[in-house]
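# Understanding the architecture of this molecule
Listed below are the residues making up each chain.
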Amino acid sequence: MAERVVDARGSFCPGPLMELISNMKSMQVGDTLELLSTDAGSAKDVPEWVHKVGHEMVDTNQDSEGTFHIRVRKAK
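The sections below set out a description of the structure shown in this document. (Residues numbered from 1 in each chain as written. Predicted model: local features only at pLDDT ≥ 70, side-chain atom pairs only at ≥ 80, totals over all residues. Heavy atoms only, no water.)

### Some thoughts on the pattern of salt bridges
Quick reminder of the rule: One side-chain nitrogen of Lys or Arg within 4 Å of one carboxyl oxygen of Asp or Glu is enough to make a salt bridge. Per the convention used, a helix needs a DSSP run of H or I reaching at least four residues, while a strand needs a run of E reaching at least two, with both numbered from the N terminus. Classification of residues uses two cut-offs on accessible area relative to the type maximum, computed with a 1.4 Å probe and protein chains only: under 20% is buried, over 50% is exposed, and between them is partly exposed.
Counted according to the given criterion, the structure contains five salt bridges. A salt bridge links arginine 71 to aspartate 59; its shortest N-O distance comes to 3.6 Å. Residue arginine 71 is found in strand S4 (residues 68-73), and its partner aspartate 59 is found in strand S3 (residues 56-62); the two are separated by 12 residues along the sequence. Relative accessible area serves as the criterion here: at 30%, aspartate 59 is assigned to the partly exposed category. Bridged by salt links that share partners, the residues Glu3, Asp59 and Arg71 form one connected network.

So this is what it looks like as structure tokens:
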């Protein structure tokens, strides 16, 4: 299993979600992706997309500088 970090800081909706989707397509089942985003909409949009397509939300948190760290595991 691999872990990939996608830095989408400074990008606005739907940019971070599009980066996530694009990267997930090239990953293997079980791999984890951490999306870095400064767009507050990502904290809502990404979990909705993950649930819709059947992947797994690992965790979401926001650091003191306002960056969201959203970790997703590819499930299929």
